[in-house]
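# Observations on chain architecture
Each chain, written out:
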Amino acid sequence: MHPMRRQMNECRDQEKINLFLNHARIGFLGLSEENQPYVVPLNFVWYNNKIYFHGATEGRKADILQVHSNVCFTVCEEYGTMAHTVPAHTSTAYLSVMLFGKVARISNLDEGTEAMQKMLDKYVPGYYNRPLSRNQVEKYRSSMGSATAIFCLSPEDLSAKENPLDPDRKFVPGQRAGEK
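Let me begin by describing the structure that accompanies this report. (Residues numbered from 1 in each chain as written. Predicted model: local features only at pLDDT ≥ 70, side-chain atom pairs only at ≥ 80, totals over all residues. Heavy atoms only, no water.)

## As for the layout of surface pockets
Its boundaries defined by the atoms lining it, the largest pocket holds a volume of some 490 Å³. Together, 20 residues line the largest pocket, and Met 116, Gln 117, Leu 120, Tyr 128 and Leu 132 are the ones closest to its centre. Mapped onto the lining of the largest pocket, the elements with two or more residues apiece are α3 (109-123) and α4 (134-139). No other element matches α3, which puts six residues into the lining of the largest pocket. Tallied by class, the residues present in the lining of the largest pocket amount to 11 nonpolar, seven polar and two charged. (1 Å grid on protein atoms, 1.4 Å probe; cavity = no way out; pocket = protein on both sides within 12 Å on 5 of 7 lines; lining within 4 Å. Points joined across faces, edges and corners; volume = space filled by probe spheres on them. Helix = DSSP H or I, 4+ residues; strand = E, 2+ residues; numbered from the N terminus. Nonpolar A, V, L, I, M, F, W, Y, C, P; charged D, E, K, R; others polar.)

## Some thoughts on the pairing of strand β2 (residues 36-42)
Note that strand β1 (residues 27-33) and β2 share seven bridges and pair antiparallel. The partner of Leu 29 across the bridge, within β2, is Val 40. Between β1 and β2, which pair antiparallel and follow one another directly, the connecting turn spans two residues, one of which, Glu 34, has a positive phi of 60°. (Pairing = 2+ DSSP bridges.)

## Side note on the packing of aromatic side chains
For the structure shown, the criterion picks out five aromatic pairs. With centroids separated by 4.9 Å and ring planes inclined at 90°, the aromatic side chains of Tyr 127 and Tyr 128 adopt a geometry described as edge-to-face. We classify Tyr 127 as exposed; its relative accessible area is 61%. Ring pairs connect the aromatic residues Phe 44, Phe 53, Phe 73 and Phe 151, which therefore count as one cluster. Over the ring of Phe 44 we find Lys 122, and its NZ or CZ is 3.8 Å from the ring centre. (Phe/Tyr/Trp six-rings, centres within 6.5 Å; stacked < 30°, edge-to-face > 60°. Buried < 20%, exposed > 50% of the residue type's maximum accessible area, 1.4 Å probe, protein only. Lys NZ or Arg CZ within 6 Å of the ring centre and 35° of its normal.)

Listed below in structure tokens is the structure:
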């Protein structure tokens, strides 16, 4: 892993990172196909220190993962712009996490069902009146007839970077330099 250039922005607080990954809604899966990068925005769940996501059993993402399982998964949230009277000091408040490792397709139906239930709990909490069944996961087909593939990224490396929001510098639309 490359050392972080701006080490003062490195976040090493594992509790903060876990909380962030548990609540962030979209992650970006970075794949490499030959000499062509391919990045896909995904819903995901952070569970048992792993990233789980799903998709069709057929398609570009599934095809690439069969050949090149090394990936980068990035999650980032922006918390506002921090204005400064010196333009070069204007910055963005954020937290980002990058995870590197290999993705594997989950073949264990119990693990897959549990991961899919965790995703439902995250994205539509309390919506369903009973848990997802193994049978539902096994038999589901998309409108195009594809089964659901459930994937897991077991991170080999993780880095997090943050620039916390300074409320005194938070930009408000219409605000002018030198005004509060």
